[in-house]
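Fold and geometry: a report
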Amino acid sequence: MRSRRSTGRTVLLSALLLTAVPACSAGKAAEPAADAKPAAGGKLTYATNKEPDCWDPHTSAQDVTAFVQRPVFDSLVYQTPEGELKPWLAKSWQTSPDGKAVTFALRDDVTFHDGTRLDAAAVKANFDHITDKATKSQYAAGLLGPYEGTTVKSPTEVEVRFERPYAPFLQAASTTYLGIAAPASLKAGADKLCSGNEAVGSGPFKAGAYTRGQQRGYSKNASYAWAPEGAGHTGPARLDSFTIRFIAEDATRVGALTSGQVDGAAAVPAQQAGLVKSDAKLSLVSKDVPGAVDAFYLNTKGALFSDERVRKAFQRSVDLDAVVKSVFQGTRTRAWSPLSPATPYSYDKSLEQSRPYDPTGAAALLDEAGWTGRDAEGYRTKDGKPLTVVAPVYGKASVFSQAVQGELKKAGIKLDLAASTDAAEVSGRLDAGRYDVVETSWARADGDILGHFFLSTETSEGGGHNFARVADPQVDAWLKEAQAAQDPDRRAAAYAKVQKWSLEQAVVVPAYVEKANVGVNKRVRDLRLSISAWPEFYGAWVEGK
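All of these numbers come straight from a predicted model, not from anything done at the bench. (Residues numbered from 1 in each chain as written. Predicted model: local features only at pLDDT ≥ 70, side-chain atom pairs only at ≥ 80, totals over all residues. Heavy atoms only, no water.)

1. A word on the confidence of the model for the protein chain
In the predicted model, the protein chain carries a mean pLDDT of 93, and the fraction of residues at 70 or more is 94%. Within the model, the stretch residues 1–12 combines pLDDT values under 50 with 60 contacts to residues more than four positions away or in other chains. Ignoring residues within four places in sequence, the model shows residues 17–27, a span with pLDDT below 50, making 44 contacts including any to other chains. (pLDDT = per-residue confidence, 0-100. Contact = heavy atoms within 4.5 Å.)

See below:
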C-alpha cells in the first residue's frame, strides 16, 4: 500500500493523544422483552466524547468522523458486526483473474438525499474526489492502496483498477471513509465539506442542524429501501430522528446518561462502569475494537533501539498483566499481538502467553549492551549518559502511559513522556525520527492494518504509521502477499508471519486491546455495535415512545 496522499498531520497527532478508554462488561444490546415488538417512531439522544475536526470522511482520518457520518453515507459493501462482507449499494462484484480490478454491479433503485440517482458515474466521482490532491485525504486515499483509476462501464457497472492485486479493497469499500456522496455535494469545496453542513448521501438518515461544540441532528430518510443483508432491519429506519451530543468530560457525559438527559453514552470509564451497571434503567454494552491494539512502536533506526538487545530489554521490562489490570481495574485485556483478536481472519492466537514478564532477562540484555552504570536516580547509564527513551505525546499522557513509565524505572529505563500541544513540534519530531518510541492504536476491521505500520513505504513523512521505521524486504513481501491473496486463509497465514516477526524482532510491544463501552437506557432497543464497535442507529427503536 502506498503512503497516504496527505500533508496533513491530524491523523498522526490524533494517534498520539494517549487517552484511556476503559472497558466494561461484554455483550450485545439488551434484547426486547418477550412481549415487546419493534415500533416505528420516536427519537433518542446519544452522547459521544469526541467531535470531528473535519466532517468529510474522504478527508478526515478520525474514527469519530466515520461514526457520525455513517447514518448519512452508504457504501458499496457492508461489513456485518461479525465481519462478513455483503452487497450494499453494489448488488454484486467480480474480481478479475489477476486481482487488479474489481467490477461492481450497482443497484438501480438508490436515490441520494438531493433527489439524484446513484450510478457508475457517481462512484467514479467519489473515488476521483478521494484521490484529488485538493481533498488532502488523510486516510481514505490510503485505503485505496495501489489505486490506478475508476472506469464507468455502463450506468450500473463500474470498474475499480489497481496497479497490483489488492484484496483488502473490498473491506475498505465497506467503510464510511469510502462512502458514496451525491456527486453535486462534492463540488462544495474542502472547507464546506469539512464544516459539517454539506453532507449529502443516500443513507437511512439525513444530516440535520449542527451546532459546533454542542450537537448534530439527524432525520429519517423515508425513502430508504436498500439496506444490506445483515443490517438487522429493512425499509426506512425505525426512529424518526436522533441527536448526537458532544460531551468530552467523562463525569458529565455519564451523568447525562444516569439522569436521563441522554439515552446512550459512549466511552463509559472503568471507574463509572459499576454505576451504570447498578442502575436498573441502564445496560452496559462493550465490544473489542478491531485493528491495531494500543502498542509501543520502537524506532529501529534510532541510536538507542537500533540495538536489538535494548529493544528486547524494553519489551521484557514491563509487567503488562499487572499494569493493565491495575489501570483498567480488570476491565481491559492485555494484548499479545499488534492485532486485536476482534480483527476478522487475521489474528494469530498462538502468540498468546508467548511473552512473559522477564526482568532478569531484561537486565542481562542491558548489561550485555553496555548499560551497566547507574546514576543517582537509579537509571542505567552508558558512557555517563542515562538510558532515556523519548516518547512524543500530543496533548496529555494517559494514566496507562505513566504506569508504564513507573514500571520501566524499576528496570533502570527512563521513559520521557515528551508531551506537547504544539502540533508543528510533534510533527517535526515524528518526520525527522527524533524519538525512540511511539504509543498508538488504530481501528480497522481488516488485517491489512499491519501494512500501515510495517510496510517500508508507510513513513511518517508521507502520513503513514511505520513508527518503528521498519524496512525489511521479507516483511514487505509477506504484506504484499496478503494483499494479493483472495483466499482468507492465505491472507491470515501471511499476517501471522508479520505478527510473529514483529514480536521476535521486538519492533513493537503490544499493550492492551481497545474496547468500546456504551451505556444505554434499557428502553432503547436493538442499538447494536458495528464491526468497528460504534452504535448503529438504523435498526434502533424506543420502547414505550
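2. Details of empty space enclosed by the protein
A complete count under the given rule lists 3 cavities of 30 Å³ or more for this structure. As a volume, the largest cavity reaches approximately 100 Å³. Lining of the largest cavity is provided by 14 residues; of these, Asp-56, Phe-73, Leu-193, Glu-198 and Ala-199 occupy positions nearest its centre. If you add up the space inside the second largest cavity, you get close to 40 Å³. The wall of the second largest cavity is formed by Thr-95, Gly-99, Val-102, Phe-162, Tyr-166, Ala-167, Leu-170 and Gln-486. Among the residues forming the lining of the second largest cavity, the class breakdown is 5 nonpolar, 3 polar and no charged. (1 Å grid on protein atoms, 1.4 Å probe; cavity = no way out; pocket = protein on both sides within 12 Å on 5 of 7 lines; lining within 4 Å. Points joined across faces, edges and corners; volume = space filled by probe spheres on them. Nonpolar A, V, L, I, M, F, W, Y, C, P; charged D, E, K, R; others polar.)

3. Notes on helix α15 (residues 473–484)
Between its first and last C-alpha, α15 extends 16 Å over 12 residues, near the 16 Å set by a 1.5 Å rise per residue. Listed in full, the buried residues belonging to α15 are Val-475, Asp-476, Trp-478, Leu-479, Ala-482 and Gln-483. Angularly, the buried residues of α15 cover 160° about the axis, an arc narrow enough to put them on a single face. Among the structural elements, α14 (449–454) and α16 (488–504) are those in contact with the buried residues of α15. Its side-chain oxygen 2.8 Å from the backbone nitrogen of Gln-474, Asp-472 forms the N-cap of α15. (Helix = DSSP H or I, 4+ residues; strand = E, 2+ residues; numbered from the N terminus. Expected span 1.5 Å × (residues − 1). Buried < 20%, exposed > 50% of the residue type's maximum accessible area, 1.4 Å probe, protein only. Arc of directions from axis to C-beta. Polar contact = N/O pair within 3.5 Å; in protein donor to acceptor, adjacent residues only side chain to side chain.)

4. Side note on the packing of helix α9 (residues 308–316) against helix α11 (residues 359–368)
The description of two helices packed together rests on the angle between their axes and the distance between the axes. Two numbers describe how α9 lies on α11: the axes approach to 8 Å, and their chain directions differ by 155°. Between α9 and α11, the angle is such that the two are roughly antiparallel. Like other packed secondary-structure pairs, α9 and α11 cross with a definite hand, here left-handed. Across from Arg-309, Val-310, Lys-312, Ala-313 and Arg-316 in α9, the residues of α11 making contact are Pro-359, Ala-362, Leu-365, Leu-366 and Glu-368. Its residues assigned to classes, the contact of α9 with α11 comprises 6 nonpolar, no polar and 4 charged. (Axes fitted to C-alpha atoms, helices over the stretch in contact; angles between N-to-C directions. Parallel < 35°, antiparallel > 145°, perpendicular 65-115°, else oblique. Left-handed = near helix turned anticlockwise from the far one by under 90°.)

5. A word on the pattern of salt bridges
Going through the model one piece at a time under the given rule, you end up with 26 salt bridges. For the salt bridge of Lys-50 with Asp-63, the shortest nitrogen-to-oxygen distance reads 3.6 Å. In this pair, Lys-50 is assigned in the loop between β1 (43–48) and α2 (63–69) and Asp-63 in helix α2, connecting sequence segments 13 residues apart. On the basis of relative accessible area, Lys-50 is assigned to the partly exposed category, the value being 35%. For Asp-446, the salt bridge identified is with Arg-491, shortest N-O distance 3.0 Å. Note that Asp-446 is positioned in the loop between β19 (437–443) and α14 and Arg-491 in helix α16, a separation of 45 residues in sequence. Both residues of the pair, Asp-446 and Arg-491, count as buried. If you follow the salt bridges from partner to partner, you end up with Asp-307, Arg-309 and Glu-368 in one network. (Salt bridge = Lys/Arg side-chain N within 4 Å of Asp/Glu carboxyl O.)

6. A short note on the sheet that holds strand β9 (residues 215–220)
Sheet strands associate in pairs through backbone hydrogen bonding, adopting either a parallel or an antiparallel arrangement. Strand order across the open sheet formed by 7 strands is β8-β9-β10-β1-β11-β21-β12, with mixed pairing between neighbours. Taken across any chain shown, the strands that pair with only one partner, and hence form the sheet edges, are β8 (205–211) and β12 (282–288). Here 7 bridges tie β12 to strand β21 (residues 515–521), and the two strands are oriented antiparallel to one another. By the bridge assignment for β21, Lys-287 is matched with Ala-516. Of the strands in this sheet, β12 and β21 are in contact with helix α8 (residues 270–277), which crosses β12 at around 135°. (Pairing = 2+ DSSP bridges.)

7. Considering unusual backbone geometry
Of note, the phi angle at Gln-353 is positive, near 65°, even though the residue is not glycine. Looking at the secondary structure, you find Gln-353 in the loop between α10 (320–328) and α11. The backbone phi angle of Asp-383 is positive, close to 55°, even though this residue is not glycine. Here Asp-383 is to be found in the loop between β15 (380–382) and β16 (385–386). Residue class for Asp-383 comes out exposed when judged on its relative accessible area of 75%.

8. A short note on α9
Those residues of α9 that fall on the buried side of the exposure criterion are Val-310, Arg-311, Ala-313, Phe-314 and Gln-315. The secondary structure elements touched by the buried residues of α9 are β13 (291–298), α11, β17 (388–394), α12 (399–410), α16 and β20 (508–512). Put simply, Asp-307 is the residue that caps the front of α9, since its side-chain oxygen is 2.9 Å from the backbone nitrogen of Arg-309.

9. A word on the environment of Phe-314
Within the secondary structure, Phe-314 is located in helix α9. For Phe-314 and Lys-349, which are 35 residues apart along the polypeptide, the C-alpha to C-alpha distance reads 23 Å. Residues in contact with Phe-314, not counting those within four places in the same chain, are Phe-296, Leu-298, Phe-305, Val-389, Leu-408, Ile-413 and Val-509.

10. Topic: the state of the cysteines
Counted according to the given criterion, the structure contains 1 disulfide. A disulfide bridge connects Cys-54 with Cys-194, and the sulfur atoms are separated by 1.9 Å. Looking along the S-S bond of the Cys-54-Cys-194 disulfide, the torsion reads about -75°, which is the left-handed sense. Taken together, the residues Cys-54 in the loop between β1 and α2 and Cys-194 in helix α6 (residues 190–195) connect sequence positions 140 residues apart. Since its relative accessible area comes to 9%, Cys-54 is described here as buried. (Disulfide = S-S within 2.5 Å.)

11. Section: the pairing of β21
The element β21 is largely enclosed, with a buried count of 7 among its 7 residues. Alternating residues of β21 divide into Lys-515, Asn-517, Gly-519 and Asn-521 and Ala-516, Val-518 and Val-520, and every residue in both groups is buried. With 2 bridges connecting them, strand β11 (residues 264–265) and β21 associate as antiparallel partners. Its bridge partner being in β21, Ala-265 is matched across the sheet by Gly-519.

12. Side note on the packing of aromatic side chains
For any two aromatic rings, the description comes down to two numbers: the centre-to-centre distance and the angle of the planes. Enumeration according to the criterion identifies 29 aromatic pairs in this entry. The interplanar angle of 90° and the centroid separation of 4.8 Å between the aromatic rings of Tyr-139 and Tyr-177 together place this pair among those described as edge-to-face. Of this pair, Tyr-139 sits in the loop between α3 (120–131) and α4 (140–143) while Tyr-177 sits in the loop between α5 (169–172) and α6, and the two are 38 residues apart along the sequence. Residues Tyr-297 and Phe-454 carry aromatic rings whose centres are separated by 6.1 Å and whose planes lie at 50° to one another, so their mutual orientation is tilted. You can see Tyr-297 sitting in strand β13 and its partner Phe-454 sitting in helix α14, a full 157 residues away along the chain. Taken together, the aromatic side chains of Tyr-46, Phe-67, Phe-205, Tyr-218, Phe-242, Trp-534 and Phe-537 make up a single cluster linked through ring pairs. (Phe/Tyr/Trp six-rings, centres within 6.5 Å; stacked < 30°, edge-to-face > 60°.)

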